Amino acid sequence: MIKYWSILPLFHQLDPMDPYDPKSLEAEAQQLWADNGVFEVDEDPARESYYCLCMFPYPSGKLHIGHVRNYTIGDVISRFKRMLGFNVLQPMGWDAFGMPAENAAIKNNVPPASWTYQNIDYMRGQLKLLGFGYDWKRELATCKPEYYRWEQWLFTRLMEKGIAYKKTAPVNWCPVDQTVLANEQVIEGRCWRCDTEVERREIAQWFLKITDYADELLADLDKVEWPEQVKTMQRNWIGRSEGMEVEFEVPGHDSLMIYTTRPDTLYGATFMAIAAEHPLALKAAEQNPEVAEFIEACRKTNTSEAALEKMEKLGMAIGINAINPVNGEQIPIWIANFVLMGYGTGAIMSVPGHDQRDWEFARKYGIEIRQVVEPADGSTIDLEAGSFVTKEGRGCNSDILDGLDFEAAFDRIADHIEAQGKGSRQVNYRLRDWGVSRQRYWGAPIPVINCAACGNLPVPEADLPVVLPEDVEFEGIGSPIKKMDSFKKITCPQCGGPAERETDTFDTFMESSWYQERFCCPDQNEAMLDARAGYWSPVDLYIGGIEHAILHLLYARFYHKLMRDEGLIESSEPFNRLLTQGMVLKDGSKMSKSKGNTIDPQDLIDRYGADTVRLFIMFASPPEQSLDWSDTGVEGAFRFLKRLWAAVQEHIAEDTGEASFDKQSLNDDQKAMRLKLHETINKVTDDFDRRLTFNTAIAANMELLNSVTRFEDDSVPGKAIRQEVFDSMVLMLAPIIPHICHRLWRDLGHDSLIIDHRWPEVDATALVQDNIEMVIQVNGKLRGKMQVVVDAERDVCEAAALKNDQVLRFIGDNPVKKVIVVPGKLVNIVI
RNA sequence: GCCGGGGUGGCGGAACUGGUAGACGCGGCGGAUUCAAAAUCCGCUGGUGGUAACACCUUGGGGGUUCGAGUCCCCCCCCCGGUACCA
């Protein structure tokens, strides 16, 4: 703990009537924190740890207001937990790989690395100006080899375990720029740079078998304290379903394997749909130029799910039939643009009677729609109007399934098909394996060597890391390392022959999947993680945007389990509690450069100081809701700080001496002041700890400041109560507006750092009241109020209510039918 | 399309477990201070009617449950996030 005597020279001479000057007092506080390493922490088994982590930023150039919100929330909670006595870790780093750096390189001809490092330097300065209590010793950037080498190392381990594997998957391809495009770079089906129509291509890529962990990822959601909506989104994303794999024979060709969750509708299958890239489709195209043309047309669609679902569903029959295993019927095989080769088997069975998408397709192409499920209540349905999608019906026109409900029909047909060897019960997931290959430069190189003789080999551990060359020039859009022989050409570690390095890089979600563990031991050069991770991890509270509810958070959970199974860590989940922060809006819509409605945090810091920015952000709305930016609201926050400053300065200017008070002999106003204070401490503590609603905590302190300003009592106990109020208020506000409170704490006569002081405690005796107010309603409408003793019995309340003048007016001559008493709250008289 | 969330005064929001709708702040109006302005301080401020006391209406729209609904249930509208290569 640092005592003031050691740092006094840093402060101005105290003049109680100094105006509030955020610039100098914030600089002084920040300097003191930095010089004394106030937020640097070490593992201390004697103390309980609290690991508070905010999603680290992509170094895009400068902080945007969403960052400021995210990091203010994290800093407020970290400082609060520290005041409760926890050993708090709050680190910060940089999610430094990604596309914007490449775009900047193409546009401005600067290497992505130097652009990134410059941005990091600038943004680090901004974070320091905001006064966030980070342990800067632990700072990391994911683009540094000492970071990504461990990711490469783990990947080689996963290759050996078979969790990393290679298969083809679709990408967006620009035929002019000769490069792969991200979904974001495809604007209405065209390349964002050259406006060429984008094609879909199937290329070989690396995958991680996240589906092997699907059940555990699902089950472990019950172990974490996350918002229910995020858990629901993840459950739906994983999408566990119980169904069957069924084999359809195709005379003269390989059979088609399909998966269905509705084997009870097998008798209603009237066609099959396959992907344009399916081998059977390609074979048909050889015979039929029209089919070839259609396949070509199918390639003109985006790979994104939203685009795929919204586009017009198109198909073409290939003139080959499949045999339905349940009834031997021959049904036509169609190529359909909404079936993708990369997902499942690239083939589906279609039951237009009982699936809406199949129904629309069948309607369009005049394919038979057959009813095989009927309503259980015996009513009739109209398949001309739409499909009948339900699991509540019973089978019809289905031979052995007729009259059976869903469960019975499922079992009957499953037994039947399994007995015939034409398929089996199967649990399936909507979740697909994680494609980690990116055909881009600014990412961690995938540590693989491609040898014509030996195949795909992991780079031997001794040769790691595979370092990404940072001094590169962009010629066009493609990745420079794909043409760089000095990087590419290598000898095979197995046969010694010529080989090539993999030039794809990792998805940047790889880096952000484990940084939270590396923060525990960022200087460890011998291993990915060490025992220190065991002290801090898992993260106690993780804070970030709701937009990460599925992908990032699911990948990080998966990666954590991979590290656990590698023996690197003991826990199964990375983030115990999650706080998803809402977006920052301006005039009700998202800020964007094109709309010109962006707010630059730097301007605000320059004009008002960090405390005002922090206060406004925390006051404007609760963290989980979106926040609408308001310039006048910022003024209001600044005004509050000035009032707080002036009120404390005025208090310390009066001579309080050794003022004290005796709880037993206070007058009514003094009691009321202390009641207000301790009610506020009670509420604010709950708001900070359980509810995480800092806006109401701030509002409560504003009320308290209003009350204490009106508390004009110059007696000795009065002064002492005022000191108690200001001490508590400054402590309660310190996590939110740390600079001004740091200063006011000393002005109030304390010689320790406020960050090292304990959070204020409620004095239960101050909360005791004699009388309370109760509301009286007539037929549920408020008609009167009354004072009763604090623990008045029901009948006392009722009798008092029925004597109330206002109430009697409303009752009039009507007989009272019923009286409802909610003790301590209200009396409702029903007439 | 699918999954998830949201909609309360002129504005941001409060109302935590079905129990006083609108705390706190912004804005607005009026006043004090000032030569004047800024800043600051004090008062009023959901809508409609009324001189007033007061009454009625009001939580996106429609219906329901309940003594009582912003809160629970059903239907609809609008906005936002995600949708697997934006991070």
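Analysis parameters
Within each chain, residue numbers correspond to sequence positions counted from 1 in written order. Lettering for chains starts from A, numbering for ligands starts from 1, and both go in the order in which the items are written. Only residues with pLDDT of at least 70 are given local features in this predicted model, and only at 80 or more are side-chain atom pairs given and counted; all residues enter the totals for whole chains, interfaces and linings. The basis for every side-chain value is the complete set of non-hydrogen atoms in the structure, without hydrogens or water. Helix and strand definitions follow DSSP, with helices as H or I runs of at least four residues and strands as E runs of at least two, each counted in order from the N terminus. Here, Shrake-Rupley sampling with a 1.4 Å probe gives the accessible areas, and only protein chains in the shown set may cover a residue. None of His or the chain ends enter the tally, which takes Lys and Arg as positive and Asp and Glu as negative. For charged residues, the charge sits on one atom: NZ in Lys, CZ in Arg, CG in Asp, CD in Glu. The term nonpolar core refers to a set of buried residues drawn from Ala, Val, Leu, Ile, Met, Phe, Trp, Tyr and Cys, joined through side-chain atoms within 4.5 Å. Relative accessible area decides the class of each residue, using a 1.4 Å probe on protein chains only: under 20% of the type maximum gives buried, over 50% gives exposed, and in between gives partly exposed. The contact definition used throughout considers only heavy atoms, calling two residues in contact when any of these lie within 4.5 Å. Think of it this way: DSSP has to see at least two bridges between two strands before they count as a pair. Under this scheme, a helix contributes an axis fitted over its contacting stretch, all axes are lines through C-alpha atoms, and angles between N-to-C directions fall in the 0 to 180 degree range. When a carboxyl oxygen of Asp or Glu is within 4 Å of a side-chain nitrogen of Lys or Arg, the pair counts as a salt bridge. Any residue with a heavy atom positioned within 4 Å of a molecule or strand is treated as near that molecule or strand. Under this definition, polar contacts are N or O atom pairs within 3.5 Å; protein pairs additionally need one hydrogen-donor-capable and one acceptor-capable atom, and for neighbouring residues in sequence, both atoms have to be side-chain atoms. Throughout, the term roughly parallel applies to angles under 35 degrees, roughly antiparallel to angles over 145, roughly perpendicular to angles from 65 to 115, and oblique to all others. Any residue outside Ala, Val, Leu, Ile, Met, Phe, Trp, Tyr, Cys, Pro, Asp, Glu, Lys and Arg is labelled polar, Gly included; the first ten of those are nonpolar and the last four are charged. Stacked, tilted and edge-to-face are the three classes assigned to paired rings of Phe, Tyr and Trp, where Trp is represented by its six-membered ring and a pair needs centres within 6.5 Å; plane angles under 30 degrees give stacked, over 60 edge-to-face, the rest tilted. Either the NZ atom of lysine or the CZ atom of arginine qualifies as a charge over a ring when it sits within 6 Å of the ring centre and within 35 degrees of the ring normal. Confidence per residue, as judged by the predictor, is encoded in pLDDT with a range of 0 to 100.

Focus: the overall build of chain A
Within chain A, the secondary structure is distributed over 25 helices and 32 strands. Accessible surface, chain A: about 36600 Å² in total, of which carbon and sulfur atoms supply 48%. One way to put it: in chain A the 89 positive side-chain charges average out to a point 2 Å from where the 127 negative ones average out.

Focus on the nonpolar core
Ranked by internal contacts, the top residues of the largest apolar core, which has 172 residues, are Ile77, Phe155, Leu208, Met528, Trp629 and Ile740. The biggest single contributor to this core is helix 19 (residues 631-653), with nine residues. With near-sequence residues (within four places) excluded, Leu208 lies in contact with Phe155, Leu158, Ile163, Ala164, Asp433, Trp434, Val436, Met510, Phe558 and Leu562. Within the second largest apolar cluster, 41 residues are counted, among which are Val291, Cys298, Met349 and Val373.

A few points about the sheet that holds strand 9 (residues 256-260)
Read from one edge to the other, the open sheet built from three strands follows the order 9-8-16, with strand pairing classed as antiparallel. Both outer strands of the open sheet, strand 9 and strand 16 (423-429), are each paired with one neighbouring strand and no more. Across the sheet, the axes of successive neighbouring strands diverge by a mean angle of 35°, strand direction being ignored. Inspection of the sheet shows strand 8 (residues 240-248) paired to strand 9 by five bridges, in the antiparallel sense.

Considering the side chain of Arg518
Relative to the assigned elements, Arg518 resides in helix 14 (residues 515-518). Of the side chains with opposite charge, Asp523 comes closest to the buried, unpaired Arg518, at an N-O distance of 6.7 Å. Those residues in contact with Arg518 that lie beyond four places of it in its chain are Leu140, Glu146, Tyr147, Trp150, Gln524, Ala527, Met528 and Leu529.

Section: the protein's contact with RNA strand B
Around RNA strand B lies a shell of 73 residues, among which Glu305, Arg438, Arg440, Thr632 and Asn828 are the nearest. Backbone sugar and phosphate groups make up 63% of those atoms of RNA strand B lying within 4 Å of the protein. In the environment of RNA strand B, a sugar or linking oxygen lies 2.8 Å from a nitrogen or oxygen atom belonging to the side chain of Asn236. Note that a base nitrogen of RNA strand B is positioned 2.9 Å from one of the backbone N or O atoms of Arg432. Sort the elements by how many residues they give to the surface near RNA strand B and helix 21 (residues 694-710) lands first, with six residues.

Here's the deal with the pattern of salt bridges
Applying the stated criterion to the full structure yields 56 salt bridges. One salt bridge in this structure joins Lys137 and Asp42, with 3.7 Å as the shortest N-O distance. Residue Lys137 is located in the loop between helix 4 (112-129) and helix 5 (145-161), and its partner Asp42 is located in the loop between helix 1 (22-35) and strand 1 (49-54); the two are separated by 95 residues in the primary sequence. Two residues, Asp565 and Arg564, come together in a salt bridge whose shortest N-O distance is 2.9 Å. Given a relative accessible area of 17%, Arg564 falls into the buried group.

Comments concerning the packing of helix 20 (residues 668-691) against helix 22 (residues 716-733)
Packing of helix 20 against helix 22 leaves a shortest axis separation of 10 Å and a crossing angle of 10°. Here helix 20 lies roughly parallel to helix 22, going by the angle between them. Where helix 20 abuts helix 22, its residues Gln670, Met673, Arg674, Leu677, His678, Thr680, Ile681, Val684 and Phe688 lie against Pro717, Gly718, Ile721, Glu724, Val725, Ser728 and Met732. Here the contact of helix 20 with helix 22 is built from residues that sort into nine nonpolar, five polar and two charged.

Regarding the packing of aromatic side chains
The final tally for this structure, using the stated rule, is 36 aromatic pairs. Between Tyr71 and Phe132 the ring centres are 6.4 Å apart and the planes differ by 80°, which places this aromatic pair in the edge-to-face class. Placement of the pair is Tyr71 in helix 2 (residues 65-83) and Phe132 in the loop between helix 4 and helix 5, with a sequence separation of 61 residues. Among the aromatic side chains, those forming a connected cluster through ring pairs are Phe97, Tyr148, Tyr441, Trp442 and Phe474. Of note, Arg79 hangs over the ring of Trp33, and the distance from its end group to the ring centre comes to 4.5 Å.

Examining the confidence of the model for chain A
Of all residues in chain A, 97% have pLDDT values of 70 or greater, and the mean over the chain is 92. pLDDT under 50 marks residues 1-16. Its contacts with residues more than four places away, or in other chains, come to 37 contacts. What the predictor reports for the complex is a pTM of 0.94 with an ipTM of 0.96.

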